[in-house]
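Notes for the structure review
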Amino acid sequence: MADWQELESKYYMRTFKRMPLTLVRGEGARVWDDRGKEYLDFTSGWGVNSLGHCHPAVVGAVCEQARTLIQTSNQFYTTPQLRLAELLVDKSCLDRVFFCNSGVEAVEGAVKLARRYGKLHLGGAYQVITALNSFHGRTLTMIAATGQPKHQEPYTPLPSGFINVEYNRVNAIKEATTSETCAVMLEPIQGEGGVNVPDDDYLKAVRSWCDEKGILLILDEVQTGIGRIGSLFGYEQYSVEPDIMALAKGLGGGVPMGAFLAKDKASVFAPGEHGSTFGGNPLACSAGYATLKFIIEDDIPNKVKQTGAYLISELERLKTKFSFITDVRGRGLLVAIQIAGDISDGILVACRERGLLLNPVKPSVIRFIPPLNITKNDIDEAIAILEPVLMDVGKEK
Ligand SMILES: *Cc1c(COP(=O)(O)O)cnc(C)c1O
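Here is what the cut-offs are and how they apply
- Numbers given to residues run from 1 along each chain, matching the order in which its sequence is written.
- In view of the model being predicted, local features appear only for residues whose pLDDT reaches at least 70, and side-chain atom pairs are presented and counted only at 80 or more, with totals across whole chains, interfaces and linings using the full set of residues.
- For the side-chain quantities, the full set of heavy atoms in the structure was used; hydrogens and water were omitted.
- We define proximity as follows: a residue is near a molecule or strand when any one of its heavy atoms falls within 4 Å of that partner.
- Polar contact is defined as a pair of N or O atoms within 3.5 Å, subject to the rule that within protein one atom must be able to donate a hydrogen and the other to accept it, and that residues adjacent in sequence are counted only when both atoms are side-chain atoms.
- Shrake-Rupley sampling with a 1.4 Å probe provides the accessible areas, and residues are treated as covered by the protein chains on show and by no other component.
- Nonpolar residues are Ala, Val, Leu, Ile, Met, Phe, Trp, Tyr, Cys and Pro. Charged residues are Asp, Glu, Lys and Arg, and all others, Gly as well, are polar.
- Note that the domain bounds were set by an automatic or database domain assignment.
- Should any heavy atoms of two residues lie within 4.5 Å, those residues are counted as being in contact.
- When two parts are brought into contact, each loses some accessible area as probed by a 1.4 Å sphere; the total of that loss over both is the buried area.
- Whenever a carboxyl oxygen of Asp or Glu lies within 4 Å of a side-chain nitrogen of Lys or Arg, that contact is scored as a salt bridge.
- In DSSP terms, a helix is any run of H or I states spanning at least four residues, a strand is any run of E spanning at least two, and both are numbered starting from the N terminus.
- Should DSSP find at least two bridges between two strands, the strands are regarded as paired.
- The axes used here are C-alpha line fits, helices contributing only the stretch in contact, and every angle between their N-to-C directions lies in the interval 0 to 180 degrees.
- Two distance rules govern patches: like charges are joined within 9 Å, and nonpolar side chains (Val, Leu, Ile, Met, Phe, Trp, Tyr) within 5 Å, applied only to residues with over 30% relative accessible area and no salt bridge.
- For the exposure calls, accessible area comes from a 1.4 Å probe over protein chains only, and a residue counts as buried if that area is under 20% of its type's maximum, exposed if over 50%, partly exposed in between.
- Note that the term roughly parallel is reserved for angles under 35 degrees, roughly antiparallel for angles over 145, roughly perpendicular for angles of 65 to 115, and oblique for everything else.
- For a crossing to be left-handed, the near helix must be turned anticlockwise from the far one by less than a right angle; the clockwise case is right-handed.

1. Some words on the site of the ligand
- The immediate surroundings of the ligand are formed by Ser102, Gly103, Val104, Phe135, His136, Gly137, Glu187, Asp220, Val222, Gln223 and Lys249.
- Within the backbone of glycine 103, a nitrogen or oxygen atom sits 2.8 Å from an oxygen atom of the ligand.
- Measuring from an oxygen atom of the ligand, one finds a side-chain N or O atom of lysine 249 at 2.7 Å.
- Protein chains shield 83% of the accessible area of the ligand, which is 380 Å² for the free molecule.
- When its residues are assigned to classes, the shell around the ligand shows three nonpolar, five polar and three charged.

The following block contains the structure:
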């Protein structure tokens, strides 16, 4: 058997801090490595495998579409793209959609649209206010939007046009707004920033401010969208409607795809002003349609509410038991625990050895993003692995 980790170190760019684990197969909430060891996967490919690994609805749609028509370019109409567009618009507060291939493309497309709006309706305003600790992806422009120095500093000078302000404080946005501001862009809950949940009235206050100033509200729902926090879209839980929304991660059920949607008033692209070779191709859109349809018909967001509340209550129980757990936070199945000290790596290694995969979203924050259709039994199994690991950590401390 090839030594895949050796090949990686020789041939792959040195950008990922990988677990020493080569995965070869997945089914539901489980994956297997090349030695046949089974793991319970609470990382879901970073929240992408919304229905778990290789869900039959997704696999069936992909296989059938792969035999029928994979790619055409957007010179032509294709049916999977339009079926998915109709379903997304029907189930959201937005009127039009554009498909792309990743989260960063979706968010960057959303910003391009806001800039276009600024040129046409706001006297050329182009600045976008975003939050510190946010995450909007890895292109040069989106790291300028991402309010985290560790992503920005290696690549300065960055494209201009972004102001990063404190999250969860509407006055920070008010103070940063000028006649050059065309939009505010936020995550309903910050995912990569450490699962930071804002106050209940934050987004509402931001929405009012945007309305008062006539500027756009963009919600980056790449992580919170498609059922992840217990509603089909995150904005539903905060009683606001965005003008533009970006989606990706869970949208394709594991297949790469992204989208941004806009209200009619903000859908200002003219023909030729934006495009994509692969975006909206039949293969990805078939996967997206099968995933979204299943999530809606099976009432997955409601199930996420219940299983998410159960996961949080179990983690709260561990928090009362272990004083080094200083916080449990999240909504639905976007959940994290904060650990005193940067010891999450040790916890992760011990969990992995016992068959549970978790994600260290920060050195002191462990994130739980299992598939949306996870069962209570799976959660019990994960906790039964985590609890003794924490017990050992407690002894060492
Ligand atoms: C993951 C993520 C992105 C970037 O998505 P990619 O598919 O990795 O480009 C953007 N915004 C948010 C909120 C994300 O969680």
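Having seen the model, we can carry on.
2. What about the domain arrangement of the protein chain?
- On domain assignment, one finds that the protein chain holds domain 1 (25–54 + 299–396) and domain 2 (56–297).
- Residue-level contacts link 28 residues of domain 1 with 34 residues of domain 2.
- Between domain 1 and domain 2, roughly 2500 Å² of surface is buried when both sides are summed, and carbon and sulfur atoms account for 57% of that area.
- Linking domain 1 to domain 2 there are two salt bridges.
- Here arginine 331 makes a salt bridge to aspartate 200, at a shortest N to O gap of 2.9 Å.
- Taken together, the links from domain 1 to domain 2 amount to 14 residue pairs in polar contact (both at pLDDT 80 or more).
- Elements supplying a minimum of two residues to the side of domain 1 that touches domain 2: helix H2 (44–47), helix H11 (300–321), strand E11 (325–331), strand E12 (334–339), strand E14 (359–362) and strand E15 (365–368).
- With four residues, H11 is the single largest residue contributor to the side of domain 1 that touches domain 2.
- In terms of residue class, the side of domain 1 that touches domain 2 is made up of 16 nonpolar, six polar and six charged.

3. Observations regarding the sheet that holds strand E4 (residues 96–100)
- Overall, mixed pairing links the seven strands, which are arranged E4-E10-E9-E8-E7-E5-E6 in an open sheet. Only two strands of the sheet have a single neighbouring strand rather than two, namely E4 and strand E6 (162–165). Strand-to-strand, the axes of this sheet are offset by a mean angle of 20°, without reference to chain direction.
- Bridge count between strand E9 (residues 244–247) and strand E10 (residues 258–262): four bridges; the pairing is antiparallel. Of the residues in E10, the one forming a bridge with methionine 245 is leucine 261.

4. So, a nonpolar patch on the surface
- Residues Tyr12, Met13, Phe16 and Trp46 make up a contiguous nonpolar surface patch of about 520 Å² in total accessible area.
- Looking at the element boundaries, tryptophan 46 is found in helix H2.
- With relative accessibility at 47%, the residue tryptophan 46 sits in the partly exposed group.

5. Things to note about the packing of H11 against helix H13 (residues 376–396)
- Running from amino to carboxyl end, H11 crosses H13 at an angle of 15°, the nearest separation of the two axes being 11 Å. The angle between H11 and H13 places the two elements in the roughly parallel class. Along this stretch, H11 crosses H13, giving a crossing that reads as right-handed. Touching Thr307, Tyr310, Leu311, Glu314, Leu315, Arg317, Leu318 and Lys321 of H11 are Lys376, Ile379, Asp380, Ile383, Leu386, Glu387, Leu390 and Met391, all from H13.
- Of the residues assigned to the contact of H11 with H13, the class counts are nine nonpolar, one polar and six charged.

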